[in-house]
Every structure is written in C-alpha cells, then in structure tokens.
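Tertiary structure, described
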Amino acid sequence: VIDILRGRDPNRYPTAGTQGGANRAAYDNGFRDGLEKGREDVRDNDSFDPVRHSRYRSADRGYNSSYGTKEQYKLVYRDGFEAGYAQGYGRRVR
C-alpha cells in the first residue's frame, strides 16, 4: 500500500528493532482506523476529508509508552490513517 496523500511507501518504516516495531504498530493502527473511517464516509455519502475525524487529529489511538515518543507515533499513525482512509474511500494511486 502506498500512502496516496503523500506518496509514501509504508515499508519505509522498518520492522526490525524496538523503534521499527513501534513505527509499524503506529502505521498499522492508523491504517485500520483510516480504512474504517473512509468506508464510513463513503457509506454516509460524506466528502473525502480524513482530517475531519477525531482519531486522525488525536493520532494516539493504540499508543503505548514502550513505543517511544508520542509525537513520533502520531506522525506515523497519521501516515497510516491517510493511506487506509484513501483505500476505504476508494481513491486509487495515480
């Protein structure tokens, strides 16, 4: 999956080591939440707008202090949320 809004590859977050695992958890949590919210917006006939969702704005769902800083978690979570939201909403990679 490629982050459609920013053109980022989720594989840029390595899974080896503590920090890499934390990045993967943040991305995956954000992706799942974004996918759910994107599908909800399509079902409700809402416009494409991931930022409207409180989960995107707070970006700390699933955070654990063992993952490192909350700020880093939030950045990666939002990348995942955007990618999941775009997929759930039905946006395609250009």
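In this text, all values refer to a predicted model and were calculated from it rather than measured experimentally.

What counts and what doesn't
- Residues numbered from 1 in each chain as written.
- Predicted model: local features only at pLDDT ≥ 70, side-chain atom pairs only at ≥ 80, totals over all residues.
- Heavy atoms only, no water.
- Helix = DSSP H or I, 4+ residues; strand = E, 2+ residues; numbered from the N terminus.
- Contact = heavy atoms within 4.5 Å.
- Areas by Shrake-Rupley, 256 points an atom, 1.4 Å probe, with all protein chains shown as cover.
- pLDDT = per-residue confidence, 0-100.
- Core = buried A, V, L, I, M, F, W, Y, C linked by side-chain atoms within 4.5 Å.
- Buried < 20%, exposed > 50% of the residue type's maximum accessible area, 1.4 Å probe, protein only.
- Phe/Tyr/Trp six-rings, centres within 6.5 Å; stacked < 30°, edge-to-face > 60°.

**A closer look at the overall build of the protein**
Assigned secondary structure in the protein consists of 3 helices and 0 strands. Seen in sequence order, the protein has helices and strands lined up from the N terminus as α-α-α. Intrachain contacts of the protein at a sequence separation of at least 6 include 65% that bridge at least 24 residues. Of the roughly 5400 Å² that the protein leaves accessible, carbon and sulfur atoms contribute 44%.

**With respect to the confidence of the model for the protein**
On average, residues of the protein carry a pLDDT of 84, and 76% of them reach 70 or more. Mean pLDDT in the protein bottoms out at helix α1 (residues 17-43), which sits at 89, and peaks at helix α2 (residues 54-58), which reaches 98. Every residue in residues 1-7 is under pLDDT 50, and counting partners more than four places away or in other chains gives 24 contacts.

**Some remarks on the nonpolar core**
In this structure, Tyr 27, Phe 31, Tyr 77 and Phe 81 are the most contacted members of the largest nonpolar core, which totals 14 residues. Listing elements by their share of this core, those giving two or more residues are α1 and α3 (70-89). Examining the composition of this core, we find that 7 residues originate from one element, α3, more than from any other. Not counting chain neighbours up to four residues away, the residues in contact with Phe 81 comprise Gly 30, Phe 31, Asp 33, Gly 34, Lys 37, Pro 50, His 53, Arg 55 and Tyr 56.

**Quick look at the packing of aromatic side chains**
Evaluated as defined, the whole model comprises 11 aromatic pairs. Ring plane angle 70 degrees and centroid distance 5.0 Å describe the contact between Phe 48 and Tyr 85, whose orientation is recorded as edge-to-face. Of this pair, Phe 48 sits in the loop between α1 and α2 while Tyr 85 sits in helix α3; the two residues are 37 residues apart in sequence, bridging distant segments of the chain. Here Phe 48 matches Tyr 85 in class, with each residue buried.

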